[in-house]
Amino acid sequence: MIRVRGLHKTYRDETRTIEVLSGADFEAKAGEFIAIRGRSGSGKTTLINIIGGLDRDYVGEVRVADKLLHALPEADLAHYRSATVGFVFQSFHLVRHLTVLDNVSLPAVFARGESRLRADEIQARARRLLAEVDLADYAEVLPSQLSGGQKQRVAIARALFNRPPILVCDEPTGNLDATTAEEILELFARLNTKLGTTLLVVTHDPHVARRATREVTVLDGQIHGGHLHPRVPPPSPGETPRPHSDIAAPEATP
Amino acid sequence: MKRYDLRSLVLEDLRRSKRDFAMASIGIIVGIAAFVFFLSLGLGVRAVVLGEIFPLDKIEVVPKSLDFDLGPLRMGVGKDGLDDDAVAGLRDIPHVTHAFPKMKMTAPAIGKGGASLLGNDLYTEMIADSIEPALVEGEIAGKIPFLDRRDPSKPATPCSADAQCDEYDWCAPRNGQRECTPMIPVLASPHLVEIYNGTVRRAHDFPRLNPDFVVGLTFDLSVGSSMIKDSARANIREERCVLAGFSDKAIALGATMPISYVREFNAEYGTPDDARRYHSVVLQIDEKDNVASVARAVQERGYDVADPGTEQAAMLIAIFMAVFGLVSVVVVAIAAINIMHVLLMLVSERQREFGIMRAVGATARQIKLLVVAQSLLVGVIAAALGVLLAIAMASITDSVSARYIPDFPYKPESLFELDPLVFAGAIVFSCGFCVLGALLPASRAAKIDPVTVLTSH
Ligand SMILES: Nc1ncnc2c1ncn2[C@@H]1O[C@H](COP(=O)(O)OP(=O)(O)OP(=O)(O)O)[C@@H](O)[C@H]1O
Ligand SMILES: [Mg+2]
């Protein structure tokens, strides 16, 4: 699913040059739930920004779902971000002036060509996703009226809108209290087991790491445990990725 | 959002920042309103000036003359006449559909009339020219025939009062007795009515003339007499004229008769040449666009084209339109710069938002489009409001002009020519500026790096 080879990433500004990743390797199979750990400043965010197709400024080979990311033209990379990965951020990043429903539907606005859906389909799908994250009653509410945990659930629903096989999350529970964080983790686990969504979760939280199927550490420009671990049992037949539906609910709800 | 596409996002954004855009688009509304208002005014005035005052599809050919200014006198030197051969030659010029020779009356004459209309008779030194009746055939609506003098060999009927004569004949003093004589049918220019109704009437508090109503009016003509003593002749001929109708082929100030009458008067009171030479020939040209080539051909044949001031008038109007057009363009351009500032501000305020959009799959192009479309929409709405404002201002101007501005010659019902093409042009022009103003903010928005704006440090 994901294969990173010899990844170099350097930040430059006027005063200094930092090589954050120096020839890092990383692999992930479909359906894995990987916790990415490491000290602050080690390059975790840098890594998942690259895998998520947000950052194109690097050296090395990044192949995700059979796409060589650095070779993709800008528009195709945008499509990759919309169709293949979903992004969840520590600070939620909801659009302030759009309702919860519109925030969840935002990926549909930019869909082009065949992937465009009809407005009623978009609404229906967004509502289903909101129901999945227990926010059915908040569709018409503005993000400012939500708690942190609710905001993050909206962000997750948005990230899942186009049913991406991969979800990348940068400290998704970093701004949440322990119980709320636990709820989010439940959601992740459900996604992972029921839909086979591949999860890359950057975290400082040992709870998250415990839920994960594998843990990698970014340290000194390398990714430790980045190669597939022989310890990890291959996914059982019941857990192999299936065609996606909205989390677990069948299409024809309510 | 209603449709979940870029359009609905644009509308959403516009709704959100309507106050910012409202301020910035006032300039566009005003600029476009001014643009449409003055352009429509220019077109309206031009239609009156070039359509009615100086028709563009006719030129008047006059003999070439070299003018020498000698103090207060102007002396014309050169050929001073156009004869029948010359007229035939002019008629042969390509694109000339008709040639109307005109002969001026060179004999002095005093006109007297108007009592029935104005209360007492007016006397005026008479200016008259003449055309061949065939040239207005079918054009004069009234029932009074505009025809050459009746066969003189027909015996005259003696009379003592007008009532004894046929319609349009009068009991004229002839050779020491009185006999029934046909009145001279005359044509007047519609300009004359305009000028009368616009100015003369007001100065003297006379009634307004309805052109249809005055047809059939008569006035007396004393050919050979003049208010200028030296010009008066010994033999005076009394004639009576009847207004047969209006035609733009008639002389602007004066009366136009069938040519045979003027030939007769000119022969009697002037030289034989006066009865043969035309003073000018009006050429009717098939299309406006061919006027220049016909004028050139006329000059090649050794004649001049009388300049009725068309070119100066057209030039003045063009300058008027250009000046006000330019002012409006500047106003709109400044407004577009305002819009650009608003957009730049919004783009920098919404960096994070654009970053989020990129993260969920927006391409740089879509972001650019989002910004340009917002500006375009502002441009369309503002321009449409501007056009409406202009139409409102035009109709207010027209009603003020109708109510408070006294009639002046050629005062049209509307000073404006409201052309949908001008409206469309104004909207396109406003959109063009708005798109231009959006280019820089749009490319800034497209260049926003989602990593930078989304990754918190
Ligand atoms: N845009 C940037 N310009 C310059 N340096 C940067 C930039 N982004 C990150 N860095 C530097 O790169 C290094 C890695 O940053 P990154 O955000 O990937 O770390 P991280 O592992 O996610 O840290 P944290 O746990 O604090 O989020 C840090 O030293 C950071 O200062
Ligand atoms: Mg980080």
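All of these numbers come straight from a predicted model, not from anything done at the bench. (Residues numbered from 1 in each chain as written. Chains lettered and ligands numbered in written order. Predicted model: local features only at pLDDT ≥ 70, side-chain atom pairs only at ≥ 80, totals over all residues. Heavy atoms only, no water.)

## Describing the overall build of chain B
And step 1. The secondary structure content of chain B amounts to 13 helices and 15 strands.
And step 2. For 457 residues, the compact-globule formula gives about 23 Å, and the C-alpha radius of gyration of chain B, at 34 Å, lies well above that figure.
And step 3. Here chain B holds 457 residues, and the buried ones make up 46% of them.
And step 4. Excluding contacts between residues fewer than 6 apart, the proportion of contacts in chain B whose partners are at least 24 apart in sequence is 77%. (Helix = DSSP H or I, 4+ residues; strand = E, 2+ residues; numbered from the N terminus. Rg over C-alpha atoms; globule rule 2.2 N^0.38 Å. Buried < 20%, exposed > 50% of the residue type's maximum accessible area, 1.4 Å probe, protein only. Contact = heavy atoms within 4.5 Å.)

## Brief notes about the side chain of Thr 198 of chain A
And step 1. Locating Thr 198 of chain A in the fold gives a position in strand S8 (residues 198-202).
And step 2. Not counting residues within four places of it along the chain, the set of residues in contact with Thr 198 of chain A comprises Met 1, Lys 29, Ala 30, Gly 31, Glu 32, Pro 165, Ile 166 and Leu 167 of chain A.

## Focus on the sheet that holds strand S10 (residues 222-224) of chain A
Residues and elements named next belong to chain A.
And step 1. Within the open sheet, the six strands sit side by side as S6-S7-S8-S3-S9-S10. Their pairing is mixed. Strand pairing shows two members of the sheet lacking a second neighbour, strand S6 (85-88) and S10, which therefore form its edges. Ignoring strand direction, the axes of neighbouring strands in this sheet form an average angle of 20°.
And step 2. When strand S3 (residues 33-37) meets strand S9 (residues 214-219), the two strands line up parallel, connected through four bridges. Its bridge partner being in S9, Ile 36 is matched across the sheet by Val 216. (Pairing = 2+ DSSP bridges. Axes fitted to C-alpha atoms, helices over the stretch in contact; angles between N-to-C directions.)

## Thoughts on the pattern of salt bridges
And step 1. A full pass over the atoms with the stated rule returns 28 salt bridges over all chains.
And step 2. The closest approach of N and O atoms between Arg 5 of chain A and Glu 27 of chain A, which form a salt bridge, is 3.8 Å. Of the two residues, Arg 5 of chain A is situated in strand S1 (residues 2-12) and Glu 27 of chain A in strand S2 (residues 17-28); the sequence distance between them amounts to 22 residues.
And step 3. Here the salt bridges share partners, and the residues they tie into one network are Arg 174, Arg 237, Glu 239, Glu 264 and Glu 268 of chain B. (Salt bridge = Lys/Arg side-chain N within 4 Å of Asp/Glu carboxyl O.)

## Notes on the interface of chain B and chain A
By a widely used convention, the size of an interface equals the accessible area lost when the partners come together.
And step 1. Each partner contributes residues to the interface: chain B has 29 residues there, and chain A has 31 residues.
And step 2. At the boundary of chain B with chain A, total buried surface from both sides reaches about 2,600 Å², with 62% on carbon and sulfur atoms.
And step 3. Measuring nitrogen to oxygen at the nearest pair gives 2.6 Å for the salt bridge that ties Glu 74 of chain A to Arg 358 of chain B.
And step 4. On inspection of chain B and its partner chain A, the count reaches 13 residue pairs in polar contact (both at pLDDT 80 or more).
And step 5. Those elements that provide at least two residues to the side of chain B that touches chain A are helix H1 (6-16), helix H10 (351-359), helix H11 (364-404) and helix H13 (450-454) of chain B. (Buried area = accessible area lost by both parts, 1.4 Å probe. Polar contact = N/O pair within 3.5 Å; in protein donor to acceptor, adjacent residues only side chain to side chain.)

## What to know about the packing of helix H3 (residues 100-109) of chain A against helix H4 (residues 119-132) of chain A
Residue and element names in this part refer to chain A.
And step 1. Running from N to C, H3 and H4 point in directions that differ by 120°, and their axes come no closer than 9 Å. By the angle between their directions, the pair H3 and H4 is classed as oblique. Relative to H4, the crossing made by H3 is right-handed. In this structure, H3 contributes Val 100, Leu 101, Val 104, Ser 105 and Ala 108 to the contact, and H4 contributes Ile 122, Gln 123, Ala 126, Arg 127, Leu 129 and Leu 130.
And step 2. Considered class by class, the residues forming the contact of H3 with H4 number eight nonpolar, two polar and one charged. (Parallel < 35°, antiparallel > 145°, perpendicular 65-115°, else oblique. Left-handed = near helix turned anticlockwise from the far one by under 90°. Nonpolar A, V, L, I, M, F, W, Y, C, P; charged D, E, K, R; others polar.)

## Thoughts on the nonpolar core
And step 1. With 133 residues, the main nonpolar core has Phe 26, Leu 106 and Phe 188 of chain A as its most contacted residues.
And step 2. Examining the composition of this core, we find that 13 residues originate from one element, helix H2 (residues 18-53) of chain B, more than from any other.
And step 3. If you look at the next biggest cluster of nonpolar residues, it comprises 46 residues, including Ala 99, Ala 109, Ala 188 and Cys 241 of chain B. (Core = buried A, V, L, I, M, F, W, Y, C linked by side-chain atoms within 4.5 Å.)

## Topic: the domain arrangement of chain B
And step 1. Under the domain assignment, chain B is made up of domain 1 (3-54 + 313-455) and domain 2 (58-306).
And step 2. The C-alpha-based centres of domain 1 of chain B and domain 2 of chain B are spaced at 54 Å. (Domains from an automatic or database assignment.)

## Topic: the environment of Ala 22 of chain B
And step 1. Secondary-structure assignment places Ala 22 of chain B in helix H2.
And step 2. Separated by 317 residues in sequence, Ala 22 of chain B and Ile 339 of chain B place their C-alpha atoms 9.7 Å apart.

## Points about the site of ligand 1
All names here are of chain A.
And step 1. Around ligand 1 there are 13 residues in total, and Ser 40, Gly 41, Lys 44, Thr 45 and Thr 46 lie nearest to it.
And step 2. For ligand 1, an oxygen atom lies 2.9 Å from a polar atom in the backbone of Gly 43.
And step 3. Considered on its own, ligand 1 offers 630 Å² of accessible surface; in the complex 72% of this is hidden by protein.
And step 4. With three residues, helix H1 (residues 44-51) is the single largest residue contributor to the shell around ligand 1.
And step 5. A class-by-class count of the residues in the shell around ligand 1 yields two nonpolar, eight polar and three charged. (Near = heavy atom within 4 Å. Areas by Shrake-Rupley, 256 points an atom, 1.4 Å probe, with all protein chains shown as cover.)

## A few points about unusual backbone geometry
A negative phi holds for most residues other than glycine; trans holds for most peptide bonds.
And step 1. With phi around 50°, Asp 220 of chain A is a residue other than glycine that occupies positive phi space.
And step 2. We classify Asp 220 of chain A as exposed; its relative accessible area is 63%.
And step 3. Phi angles above zero are rare outside glycine, and Tyr 4 of chain B is one such case at about 55°.
And step 4. One can find Tyr 4 of chain B in the segment before H1.
And step 5. Among the residues examined, Tyr 4 of chain B registers a relative accessible area of 0% and is labelled buried.

## Side note on the packing of helix H5 (residues 148-159) of chain A against helix H6 (residues 178-195) of chain A
Residues and elements named next belong to chain A.
And step 1. The geometry of H5 relative to H6 is characterised by a closest axis approach of 10 Å and an angle of 20° between their N-to-C directions. By the angle between their axes, H5 is roughly parallel relative to H6. As H5 packs across H6, the resulting crossing turns out to be right-handed. Between H5 and H6, the residues in contact are Gly 149, Gln 152, Arg 153 and Ile 156 and Thr 180, Glu 183, Ile 184, Leu 187 and Phe 188, respectively.
And step 2. Taken together, the residues of the contact of H5 with H6 sort by class into four nonpolar, three polar and two charged.

## Some details on the packing of aromatic side chains
All names here are of chain B.
And step 1. Counted under the stated rule, the structure contains eight aromatic pairs over all chains.
And step 2. Ring geometry for Phe 37 versus Phe 38: centroids 5.2 Å apart, planes at 90°, classification edge-to-face.
And step 3. For Phe 37, a relative accessible area of 11% puts it in the buried group.
And step 4. Judged by centre distance (5.3 Å) and plane angle (80°), the ring pair of Phe 429 and Phe 433 falls under edge-to-face. Taken together, the residues Phe 429 and Phe 433, both in helix H12 (residues 420-447) and four residues apart, mark about one turn of the helix. (Phe/Tyr/Trp six-rings, centres within 6.5 Å; stacked < 30°, edge-to-face > 60°.)

## Describing the confidence of the model for chain A
All names here are of chain A.
And step 1. Taken over all residues, the pLDDT of chain A has a mean of 88, while the share at 70 or more is 89%.
And step 2. Across residues 238-245 the pLDDT falls below 50, and counting only partners more than four positions away or on other chains, this stretch makes twelve contacts in the model.
And step 3. Scored below 50 in pLDDT, residues 248-254 makes eight contacts in the model with residues more than four places away or belonging to other chains. (pLDDT = per-residue confidence, 0-100.)

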